[in-house]
Amino acid sequence: MSLRAGIVGLPNVGKSTLFNAITNQKILAANYPFATIEPNVGVVIVPDKRLEFLNELYKPKSLVPTSFEFTDIAGLVKGAASGEGLGNKFLSHIREVDAIVEVVRCFENGNITHVEGAVDPIRDIEIIGLELIFADLEIIENRLNRIGKKAKMSNDKETKKEVELLEKIKVTLLDNKPVRSLELNEEEIKILKPFCLLTQKPIIYVANINENEISKEDNKYVKAVKDYASREGSEVIVVCAKIEEELSELNNEDKKEFLNDLGITESGLDKLVRATYDLLGLATYFTSGIDEVRAWTFKKGMKAPACAGIIHTDFERGFIKAEVMSFDDLKELGSEIKVKEAGKLRLEGKEYLMQDGDICLFRFNV
């Protein structure tokens, strides 16, 4: 899967520090706007405890987790849609991602300047939201100017459908609402796909807090962000980017000890990676054996042949059947033999919709 999540936010909110932690890459993280200009792309491993069980069961020569891409995009500022702060370039980078991870500053620190002069996460969210709306509005209006007259003068049903939809989108944007707030059908989604609208992309908020707040109750800023996100049906993950960056440099044992010292059982980063994976509409199936246990990423709603094609195009082209058992059944029963004895090993055909946690052996012939 080539899906990618983009990390956005105002300057100096902790985006690049978080990206360093996510990908364990040492990119520039400086205390001034536009320290990041070209987007940095990194591959992140998706934490999955199911792999640990499969590794113990099969003891394979190779264990391969699944992954996806994060892009660190330079900080947006007020006026980005009209070109402020290299805004047009940054907005074009956001168009290339499939989901948005918006980092919001939820901490006080006199040594780290805030581009707006004071900490106010809701104001920051609204600044970015408006810039994305302005950018989408420009695209919609330009398209309507090109095809609006044609729709009125012709009997082209497809053009008229597009105009009607774009007019609906325009009204929504002028009401300061994102496109993702609309319930669109499959045909409408298909019409909008070429426009890569920024506010149509799913979003998740990252509330970045101070180190001394990591195991405490949510501060007032985090509470405000959670309240805002709940009203639009979005998720909030609370992290301390600085601590996550430190954790990313430790081995597993030292990481567990550090987390225990902090009084938490799981890093915010692991929660964020899983939440973003789900936000992208991704799921995991496995192939397993003594040579290799491997996790494979697929898009929810994909059928068995297409999932087989992720491994190799020949698997999809010559697909016959898939032997499938669920991870939960394997874990409960303890072995493949017992799964078979219980009648829970299934043969699935071309119309089978792959499920998260499926363990598969594909039969094909080319």
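Structural data are supplied above this passage.
Here's what I pulled together on the structure shown here. Keep in mind that what you see is a predicted model, and the values were worked out from it rather than measured.

What about helix H10 (residues 268–279)?
So, point 1. Taking 1.5 Å as the rise per residue, H10 with 12 residues should run 16 Å; its terminal C-alpha atoms sit 16 Å apart, in good agreement.
So, point 2. Taken residue by residue, H10 has Gly 268, Leu 269, Asp 270, Leu 272, Val 273, Ala 275, Thr 276 and Tyr 277 as its buried positions.
So, point 3. Following H10 by one or two positions, Gly 281 has its phi on the positive side, about 75 degrees.

Thoughts on the pairing of strand E1 (residues 4–8)
So, point 1. Burial of E1 is extensive: 4 of the 5 residues sit out of reach of the surface.
So, point 2. With 4 bridges joining them, E1 and strand E4 (residues 67–72) adopt parallel strand pairing. Following the sheet pairing, Gly 6 is matched in E4 by Thr 71.
So, point 3. In terms of strand pairing, E1 meets strand E5 (residues 99–105) through 4 bridges, oriented parallel. The residue bridging Ile 7 from the neighbouring strand is Val 101, located in E5.

Quick notes on helix H5 (residues 157–174)
So, point 1. Along its 18 residues, H5 runs 26 Å from first to last C-alpha, staying within 8% of the 26 Å computed at 1.5 Å per residue.
So, point 2. Turning to H5, its buried residues number three or more, namely Thr 159, Glu 162, Val 163, Leu 165, Leu 166, Ile 169, Thr 172 and Leu 173.
So, point 3. As for H5, its buried residues are in contact with helix H4 (121–153) and helix H6 (186–192).
So, point 4. Looking one or two places after H5, you find Asn 176, whose phi comes out positive at around 60 degrees.

Re unusual backbone geometry
So, point 1. Despite not being glycine, Lys 59 has its phi angle at roughly 50 degrees, a positive value.
So, point 2. Along the chain, Lys 59 falls in the loop between helix H2 (49–58) and strand E3 (62–64).
So, point 3. A positive phi angle, near 60 degrees, is found at Asn 176, a position not held by glycine.

Description of the nonpolar core
So, point 1. Core analysis: the largest hydrophobic core is formed by 61 residues, its most contacted members being Leu 18, Phe 68, Phe 70, Ile 94, Tyr 205 and Leu 272.
So, point 2. No other element matches H4, which puts 6 residues into this core.
So, point 3. Contact partners of Leu 272, with chain neighbours within four places excluded, come to Leu 18, Ile 22, Val 101, Ile 204, Val 206 and Ile 237.
So, point 4. One finds Ile 147, Leu 165, Leu 166 and Leu 184 within the second-largest nonpolar core, a separate group that totals 17 residues.

Describing the pairing of E5
So, point 1. In terms of residue burial, E5 counts as a mostly covered element, since 7 of its 7 residues are buried.
So, point 2. In E5, alternate side chains face the same way, and those of Ala 99, Val 101, Val 103 and Arg 105 on one face and Ile 100, Glu 102 and Val 104 on the other are all buried.
So, point 3. Here E5 runs beside strand E6 (residues 203–208); their pairing, made up of 6 bridges, is parallel. Bridge pairing in E6 places Arg 105 opposite Asn 208.

Looking at the pattern of salt bridges
So, point 1. By the definition in use, this model includes 23 salt bridges.
So, point 2. A salt bridge links Asp 124 to Arg 123; its shortest N-O distance comes to 2.8 Å.
So, point 3. By relative accessible area, which is 3% here, Asp 124 ends up buried.
So, point 4. The salt bridge involving Lys 242 is made with Glu 211; its shortest N-O contact spans 3.3 Å. Taken together, the positions of Lys 242 in helix H8 (residues 241–247) and Glu 211 in the loop between E6 and helix H7 (220–232) put the pair 31 residues apart, joining distant regions of the chain.
So, point 5. A relative accessible area of 32% places Glu 211 in the partly exposed class.
So, point 6. Here the residues in one salt-bridge network are Asp 48, Arg 50 and Asp 356, joined through shared partners.

Procedures and definitions
- Residues numbered from 1 in each chain as written.
- Predicted model: local features only at pLDDT ≥ 70, side-chain atom pairs only at ≥ 80, totals over all residues.
- Heavy atoms only, no water.
- Helix = DSSP H or I, 4+ residues; strand = E, 2+ residues; numbered from the N terminus.
- Expected span 1.5 Å × (residues − 1).
- Buried < 20%, exposed > 50% of the residue type's maximum accessible area, 1.4 Å probe, protein only.
- Pairing = 2+ DSSP bridges.
- Contact = heavy atoms within 4.5 Å.
- Core = buried A, V, L, I, M, F, W, Y, C linked by side-chain atoms within 4.5 Å.
- Salt bridge = Lys/Arg side-chain N within 4 Å of Asp/Glu carboxyl O.

All we've got here are geometric facts, nothing functional implied.
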